[in-house]
Amino acid sequence: MKHISKLIALAALAASLGGAQAAGTSLGTSDFAFTGLNVNTTVGGWSFVTFVDLAAGTTIYFTDTNVLQTTPSAGVFSATAETFWSWTASADVAAGTSVALLGTGVNGQYAAKSGAAGGTANGTVTNLNGGASNISSGGDILYAYQAASYATNYQPGSITFLGAISNRATPYATSDNPFAATGLSGIQVREFRGSADTRYTQFTAQITTTDTPYASLEELKAALAVEGNWTTSATATSAPIVADVLAVTAVPEPESYALMLAGLAAVGGIARRRQPQR
């Protein structure tokens, strides 16, 4: 029994070490997509989904500050900073799970939830510079990005843009063109501005929590790119941004396989050493 206890302890140690190495997940430009936005300043919010598993501690930043076409030496964002927020996962989030940042009733403050039936708390949302929610129904852009830490401005090499959601009328101004700004090449840009001011858009599969999950992440990603799969409104609304599980992923990530194999190898090695010598 002592030998078995030692083996179990060793496997647990290997698992804990593996978890420590995966304190946060770095995302690429094809790993992220917005799934909704309501510009209501107190009860609105936005939602997103990632196509890779997120480890606890992963942080994604959001801002409605303009991004300059030609990045000056001062940095990526416009010198007139608007509001910056961060979302940090409090636990692992499976790929395909939509996360919603929901208005709390206080301008500029949001709470994070994910999952069906209204969602459960899954992270910490921080208003980083104390700004109000200035996401305008008359035209604005919300950006998502990752960086080592928060700053009011970044050099291009210190920030990874993930996506943008825009109700800005075209043509864009030189200071807010997400298709031309430095560092934004390859990101998903969701445009939803109609002929009038537009206040709300949501991936239609999320409007109720009784939807059938997508069979795969690729199917979900393809569906998000189809204009007809979105519901958009120019009317002011307090409709919540729904957080729901949109895809089923039963296949472990490569890191999970590696950790499992390492643990099995360690256990097997000790078992061989414990065999009686002949």
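Draft legend 1. Geometry of the sheet that holds strand β11 (residues 200-203). Spatially, the twelve strands line up as an open sheet ordered β10-β9-β8-β3-β4-β7-β6-β5-β2-β1-β11-β12, and their pairing is mixed. Because the sheet does not close on itself, it has two edges, and the strands there are β10 (188-191) and β12 (230-233). In this sheet, adjacent strand axes meet at a mean angle of 25° when their direction is disregarded. As defined by bridge partners, strand β1 (residues 32-38) adjoins β11 across three bridges and the pair is classed as antiparallel. Counted as the bridge partner of Gly36 is Gln202 from β11.

Draft legend 2. Examining the nonpolar core more closely. If you look at the biggest cluster of nonpolar residues, it comprises 26 residues, and the most contacted ones within it are Trp46, Ile60, Phe62, Trp87, Leu101 and Leu142. Counting residues per element, the ones that place at least two in this core are β1, β2 (45-50), β3 (59-63), β4 (84-89), β5 (99-103), β6 (110-114), β8 (141-147) and β9 (159-166). Leave out the neighbours within four places in its chain, and Leu142 touches Phe34, Leu37, Trp46, Phe62, Thr63, Asp64, Trp85, Ile135, Gly163, Ala164 and Ile165. Core analysis: the next-biggest nonpolar cluster, separate from the first, contains 17 residues, Val76, Phe161, Ala164 and Tyr172 among them.

Draft legend 3. View of the environment of Tyr172. Here Tyr172 shows up in the loop between β9 and β10. Of the residues examined, Tyr172 reaches a relative accessible area of 13% and is grouped as buried. In the structure, Tyr172 is positioned 33 residues away from Gly139 in sequence and 10.0 Å away in space, judged by C-alpha atoms. Discounting chain neighbours no more than four positions away, the residues touching Tyr172 are Ile141, Ser166, Asn177, Pro178, Phe179 and Glu191. Engagement of the side chain of Tyr172 in a polar contact is seen with the side chain of Ser166, the distance being 3.3 Å.

Reading the values: the criteria
Residues numbered from 1 in each chain as written. Predicted model: local features only at pLDDT ≥ 70, side-chain atom pairs only at ≥ 80, totals over all residues. Heavy atoms only, no water. Pairing = 2+ DSSP bridges. Helix = DSSP H or I, 4+ residues; strand = E, 2+ residues; numbered from the N terminus. Axes fitted to C-alpha atoms, helices over the stretch in contact; angles between N-to-C directions. Core = buried A, V, L, I, M, F, W, Y, C linked by side-chain atoms within 4.5 Å. Buried < 20%, exposed > 50% of the residue type's maximum accessible area, 1.4 Å probe, protein only. Contact = heavy atoms within 4.5 Å. Polar contact = N/O pair within 3.5 Å; in protein donor to acceptor, adjacent residues only side chain to side chain.

So far we have only geometry, and geometry alone does not tell us how the molecule works.
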